[in-house]
Amino acid sequence: MSKEYSVAVVGATGAVGKMMIKVLDERDFPVSNIKLLASERSQGKKMRFRGEDVVVEKLDHDSFDGVDIALFSAGASRSLEFAPSAARAGAVVIDNSSAWRMDPDVPLVVPEVNPHAISGYKKKGIIANPNCSTIQMVVALKPLYDYSPIKRIVVSTYQAVSGSGQKAIDELEEEIKQWVIKGCGNDPGKSKGYVGEFEYKAYPHQIAFNCLPHIDVFLENGYTKEEMKMVNETRKIMEDDSIMVSATTVRVPVFFGHSEAVNCQFEREITVEKARELLEKAEGVKVLDDPEENLYPMAIKAEGTDYTYVGRIRKDISQENGLDMWIVADNIRKGAATNAVQIAEKLIESYL
């Protein structure tokens, strides 16, 4: 009988935590015991895992006795507070927040890209899960990078509200309901997409029928924190600080699935045909690229899957050795929960 592991899910009642539980089951991860941890307000709730009810426990510093692997998705502040306690108790932490990503002693891992980096977990007992928008981009770019190093990336993202958590999903749904109930689209004095008076909680503006070029806080350089995550995380994961990256991240009224328009300049030419060939062979990638048949990646088709979809592959007509492409993935699955579980799979395969 193969070895089984005691697993804790921190932030179990959140959108990503729930998906982590689902993915552990779907991928038949060898779990001997599962511990579901959350804040005090969720204490006592029951959640299903493999046909059984599991009671949610309050997260504290003594929650990790006997735990082998702790999957964290409870926000950066809680990860900073509780991940070291989990590591001291002997668990390997796989953290989905931004708390540890740029720590030089913590590996930042996408299994299809840099699985060897997992070995660095021994320094602090922590492995970081990258930002969702970074994950899908590097999964698609790594096979191309291995053929020819990348000089520059310009990326614009179109990110689903689920990236902001359940409150944002609920807010988009409620705004759409209010638009229908109040008949706001029939008001000649307002935009057809205007929702009307509404108390915004997840975002500073209406998200229904709108696009917000604002994810996370703005920094002194004019970029947002989300945009700089893509810059810095890409370099760390690809292990190449020479890659120039410029990102614009936009929140769009889509429930699940991030989309990205990516422009890359390579050191040497990669033809469109060669790019398709490399991507079709790449782990975790599916190429959907037949514009004449209206075949290209879409968020609505990526939802519920674990692939990174690539299409609209074309030569950049404005520069040498450039390619444009359109990249889509389910941000809650591959962009968060599935990537974390895949890290855990690699961890037990080679290190535990």
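See above for the structure.
In this report, we go over the structure that sits alongside the text. This is a predicted model, so every value here is computed, not measured.

When you go through the protein chain residue by residue, the secondary structure sums to eight helices and 14 strands. Over its C-alpha atoms the protein chain spans a radius of gyration of 21 Å, differing by no more than 12% from the 20 Å that the globule rule assigns to 352 residues. Principal-axis analysis of the C-alpha atoms gives the protein chain an extent of 55 × 55 × 40 Å. Excluding contacts between residues fewer than 6 apart, the proportion of contacts in the protein chain whose partners are at least 24 apart in sequence is 67%. Carbon together with sulfur atoms contributes 48% to the accessible area of the protein chain, which is approximately 16,100 Å² in total.

Right, let's talk about the pattern of salt bridges for a bit. Evaluation of the coordinates by the stated rule reveals 15 salt bridges. Asp146 is the salt-bridge partner of Lys142, the closest N and O atoms lying 2.8 Å from each other. Here Lys142 pairs with Asp146, and both are found in helix α3 (residues 132-147), just four residues apart, close to one helical turn. A salt bridge links Glu277 to Lys274, with the nearest nitrogen and oxygen atoms 3.3 Å apart. Residue Glu277 and its partner Lys274 are located together in helix α6 (residues 272-281), separated by three residues, close to a single helical turn. Judged by relative accessible area, which is 23%, Lys274 ranks as partly exposed.

What counts as what
- Residues numbered from 1 in each chain as written.
- Predicted model: local features only at pLDDT ≥ 70, side-chain atom pairs only at ≥ 80, totals over all residues.
- Heavy atoms only, no water.
- Helix = DSSP H or I, 4+ residues; strand = E, 2+ residues; numbered from the N terminus.
- Rg over C-alpha atoms; globule rule 2.2 N^0.38 Å.
- Contact = heavy atoms within 4.5 Å.
- Areas by Shrake-Rupley, 256 points an atom, 1.4 Å probe, with all protein chains shown as cover.
- Salt bridge = Lys/Arg side-chain N within 4 Å of Asp/Glu carboxyl O.
- Buried < 20%, exposed > 50% of the residue type's maximum accessible area, 1.4 Å probe, protein only.

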